[in-house]
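Descriptive analysis of the structure
Residues per chain are reported as follows:
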Amino acid sequence: MSAATRKKFANEGASYILFSSVAAYEGSMGILAYAEAKAGVQAGVKSMAREIARRRQRVNSISPAWVDTEMTQNYLQSTGIPDDHRNGCLGEGKPEDVAGMALFLLSDRAKMVNGTDIVVDGGFLLG
């Protein structure tokens, strides 16, 4: 981020997105290091947002729940996580579900959204 936000690389008003995870909120067993790293992303976004705001730049994070991708399918094959643990009320997420939020955050419509984490989980955190 420090390189990407330099004046010679980034325009005034640029927007950045980092990815966190609902794991930072949930407290699941067996993923301590992952959850810590994702919570660190959220904390870092808040600090970075203050630093880059002077150039009207902004940074936010997105915390998806389980998203059906090739990577997550490979993980499932090795661990066997049950369906009910990875689905929210609205079912399992697709990449386009997260992409829509990313497009919004990168657009001018989100020009007043800075330093926040957006959960895209289909209701997963509702339990």
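Everything here concerns the structure above.
Thresholds applied
- Residues numbered from 1 in each chain as written.
- Predicted model: local features only at pLDDT ≥ 70, side-chain atom pairs only at ≥ 80, totals over all residues.
- Heavy atoms only, no water.
- Pairing = 2+ DSSP bridges.
- Helix = DSSP H or I, 4+ residues; strand = E, 2+ residues; numbered from the N terminus.
- Axes fitted to C-alpha atoms, helices over the stretch in contact; angles between N-to-C directions.
- Contact = heavy atoms within 4.5 Å.
- Buried < 20%, exposed > 50% of the residue type's maximum accessible area, 1.4 Å probe, protein only.

1. As for the sheet that holds strand β2 (residues 58-64)
- In space, the 3 strands of this open sheet follow the order β1-β2-β3, with parallel pairing throughout. Since the sheet does not close on itself, it has two edges, and those belong to β1 (15-19) and β3 (117-120), each with one partner. Taking the axes of each pair of neighbouring strands and ignoring which way they run, one obtains an average angle of 30 degrees across the sheet.
- Where helix α2 (residues 32-52) meets the sheet, it contacts β1, β2 and β3, and its direction lies at approximately 160 degrees from that of β2.
- Against the sheet, helix α5 (residues 95-106) touches β1, β2 and β3, its axis set at about 165 degrees to β2.

2. So, the pairing of β2
- Among the 7 residues in β2, 7 count as buried, and that is most of the element.
- Residue alternation in β2 divides its side chains into two sets, Arg58, Asn60, Ile62 and Pro64 and Val59, Ser61 and Ser63, and both sets are buried.
- Here 5 bridges tie β1 to β2, and the two strands are oriented parallel to one another. Note that in β2 the partner of isoleucine 17 across the bridge is asparagine 60.
- Summarising the sheet, β2 and β3 pair through 4 bridges and their orientation is parallel. Bridging across to β3, serine 63 finds its partner in valine 119.

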